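Here's the letter readout for the chains.
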Amino acid sequence: MNWETRMSSAAARPERCTPEPVSATLAGLHQIRLPVQHYDLATTLTSGQAFRWKLCGESWEGAIDRRWVRLAAAEDSILAETAEPIGNGAWLENYLQNRVDLESILATFPDDGPMRAAVSACFGLRLLRQDPWECLASFILSSTKQIVQIEQIVALLCERFGEPVPVPPGHSPAYSFPTADRLCACAESELRSCKMGFRAAYLKGSAEMIASSVIDLSKLSALEIGEARESLLQLPGVGRKIADCVLLFAYGFPKAFPIDVWVMKALRRLYFRGRRVPLRRLQRFSDEHFGPFAGYAQQYLFHYMRRSEP
DNA sequence: CCCCAGGTCAGAC
DNA sequence: GTCTGACATGGG
């Protein structure tokens, strides 16, 4: 699925005045510079949507599919380095969503106090476009876990069951995220040894349904959001919240609005005077109140809440 | 000892 | 249909 076909508003336009990215090779490292404005790389990579980015000095290291990547934020650009030739960089730009015009998305948010505060607290926060299986599996592992621990579990899972990916000479090894096929070949006890506890059965069960094509993740992008959600809800360990995370972070459905404990706190506190509100009412409120890019607004509220209340 | 973490599920009404 | 407790594990 592509962003353009799904977005109907002004936000479909690419970032204005964006020149073609420049690429180069340097000492076995391949570089590409992506011009972009209003992109807070650190906030984006640590906002609880992806779990594999590590801060190494001034830059961020991780893997996108089977490619090792190092990212560094500059004034009006992101510098990316890879171990292998980058090609045209479409895979990278798709992941980073750097051509999305952030300001036109922010312009669709409701003009109320809470949203103004959230946007000003996390300006430059973006939504990534992740691989569906990695995103799904990661969020199956996320339930009632803190983000630091999710990162730990995912790292263990990749080290043990992922495949080594090419890294720069002398660099420590990096691993791909294990495929569904690989994970259903694991015993549940092997998965548990990655400290995922009761989530092991969910992960294995979901991996089996994906590997046996009971659910075809590559077909969800063609569906309407409700249909795609119903499909994800078939998977063990996947309820409304995790389904919405995948719809938002992997498929880019802009109306997907995952409500976790933090977003619930934010909605209650900022819009319902701190009162207890049934989840389904919050769900309806968020769908009606936050506009065509509600999912983006959700990510701002989530990060705003976490940042203001350590 | 307590409570909580980017929840989901089965079993009770 | 809604509500409750169990589910592993680690941090504060």
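For clarity, every value in this text was computed on a predicted model and none was experimentally measured.

K.L.:
Go over unusual backbone geometry, please, and point to the residues and values.
P.N.:
You will see that D65, though not glycine, has its phi angle at about 55 degrees, which is positive. Structurally, D65 can be placed in the loop between β4 (59-64) and β5 (67-73). A positive phi angle, close to 45 degrees, is found at T144, a residue other than glycine. Mapping T144 onto the fold places it in the loop between α6 (132-140) and α7 (147-161).

K.L.:
Mind laying out the protein's contact with DNA strand C, listing which residues take part and the relevant values?
P.N.:
Surveying the vicinity of DNA strand C reveals the residues T144, K145, Q146, Q149, R192, K195, G197, F198, R199 and R280. Protein-proximal atoms of DNA strand C, defined as those within 4 Å of the protein, fall in sugar or phosphate at a share of 60%. At 3.5 Å from a sugar or linking oxygen of DNA strand C is found a side-chain nitrogen or oxygen belonging to Q149. Here the residues of the surface near DNA strand C are counted per class, giving 1 nonpolar, 4 polar and 5 charged.

K.L.:
Explain the packing of aromatic side chains residue by residue, including any values.
P.N.:
This structure, assessed with the given rule, holds 11 aromatic pairs. A ring pair is formed by F198 and Y202, whose centres lie 6.4 Å apart and whose planes are at 85 degrees; its orientation type is edge-to-face. Ring pairing ties together the aromatic residues F257, Y271, F272, F285 and F290, which thus form one cluster. The positively charged end of R67 is found above the aromatic ring belonging to W91, 4.2 Å away from the centroid. A cation over a ring is seen here: K265 above W262, with NZ or CZ 4.2 Å from the ring centre.

K.L.:
Mind laying out the protein's contact with DNA strand B, listing which residues take part and the relevant values?
P.N.:
The environment of DNA strand B is made up of 28 residues, and the closest members are G48, Q146, I147, G239 and Q298. Each atom of DNA strand B within 4 Å of the protein was assigned to sugar, phosphate or base; sugar and phosphate come to 62%. Contact distances for DNA strand B include 3.1 Å between a sugar or linking oxygen and a side-chain N or O atom of D260. Secondary structure elements with two or more residues in the surface near DNA strand B: α12 (240-249), α13 (261-271) and α15 (294-308). Ranked by the residues each element gives to the surface near DNA strand B, the list is headed by α12, at 4 residues. Across the surface near DNA strand B, the residue classes break down as 14 nonpolar, 10 polar and 4 charged.

K.L.:
Let's hear about the domain arrangement of chain A: which residues, and what values?
P.N.:
The domain boundaries assigned to chain A delineate domain 1 (22-100), domain 2 (101-119 + 254-310) and domain 3 (132-249). One C-alpha centre belongs to domain 1, the other to domain 2, and the line joining them spans 28 Å. Contact with domain 1, which involves 8 residues of that partner, is made by 10 residues of domain 2. Carbon and sulfur atoms make up 49% of the area that domain 1 and domain 2 hide from each other, which totals about 670 Å².

K.L.:
Give me the lowdown on helix α10 (residues 199-211), citing residues and values where you can.
P.N.:
The end-to-end C-alpha separation of α10 is 18 Å, in line with the 18 Å expected for 13 residues at 1.5 Å each. Taken together, the buried positions of α10 are R199, A200, L203, K204, G205, S206, A207, M209 and I210. At its buried positions, α10 is contacted by α6, α7, α8 (180-184) and α9 (188-196).

K.L.:
Describe the pairing of strand β6 (residues 77-82), with residues and values.
P.N.:
For β6, a buried count of 6 out of 6 residues is recorded, marking the element as mostly surrounded by other parts of the structure. Side-chain alternation along β6 places S77, L79 and E81 on one buried face and I78, A80 and T82 on a second face that is also buried. The loop that links β5 with its antiparallel partner β6 comprises 3 residues.

K.L.:
Hey, could you go over the pairing of β5 for me, with residue numbers and the actual values?
P.N.:
Pairing analysis gives 5 bridges linking β4 to β5, with the strands arranged antiparallel. Across the sheet, I64 pairs through a bridge with R67, a residue of β5. In this structure, the hairpin formed by β4 and β5 is closed by a connection of 2 residues, where D65 is found at a positive phi of approximately 55 degrees. Where β5 and β6 come together, 5 bridges link them in antiparallel fashion. Paired with V69 across the two strands is T82, which belongs to β6.

K.L.:
Would you mind going over the pattern of salt bridges in detail, with residue names and values included?
P.N.:
Considering all chains together, one arrives at 13 salt bridges under this definition. For D111, the salt bridge goes to R116, with nearest N and O atoms at 2.6 Å. Owing to a relative accessible area of 65%, D111 belongs among the exposed residues under this scheme. When its relative accessible area of 48% is taken as the criterion, R116 is described as partly exposed. Across the pair R229 and D244 runs a salt bridge, and its minimum N-O distance is 2.8 Å. Highlighted residues: R229 in helix α11 (residues 225-233) and D244 in helix α12, separated in sequence by 15 residues. With respect to burial, R229 and D244 carry one shared label: buried. The structure contains a network of salt bridges with shared partners spanning E61, R70 and E81.

Cut-offs applied
- Residues numbered from 1 in each chain as written.
- Chains lettered and ligands numbered in written order.
- Predicted model: local features only at pLDDT ≥ 70, side-chain atom pairs only at ≥ 80, totals over all residues.
- Heavy atoms only, no water.
- Helix = DSSP H or I, 4+ residues; strand = E, 2+ residues; numbered from the N terminus.
- Near = heavy atom within 4 Å.
- Polar contact = N/O pair within 3.5 Å; in protein donor to acceptor, adjacent residues only side chain to side chain.
- Nonpolar A, V, L, I, M, F, W, Y, C, P; charged D, E, K, R; others polar.
- Phe/Tyr/Trp six-rings, centres within 6.5 Å; stacked < 30°, edge-to-face > 60°.
- Lys NZ or Arg CZ within 6 Å of the ring centre and 35° of its normal.
- Domains from an automatic or database assignment.
- Contact = heavy atoms within 4.5 Å.
- Buried area = accessible area lost by both parts, 1.4 Å probe.
- Expected span 1.5 Å × (residues − 1).
- Buried < 20%, exposed > 50% of the residue type's maximum accessible area, 1.4 Å probe, protein only.
- Pairing = 2+ DSSP bridges.
- Salt bridge = Lys/Arg side-chain N within 4 Å of Asp/Glu carboxyl O.

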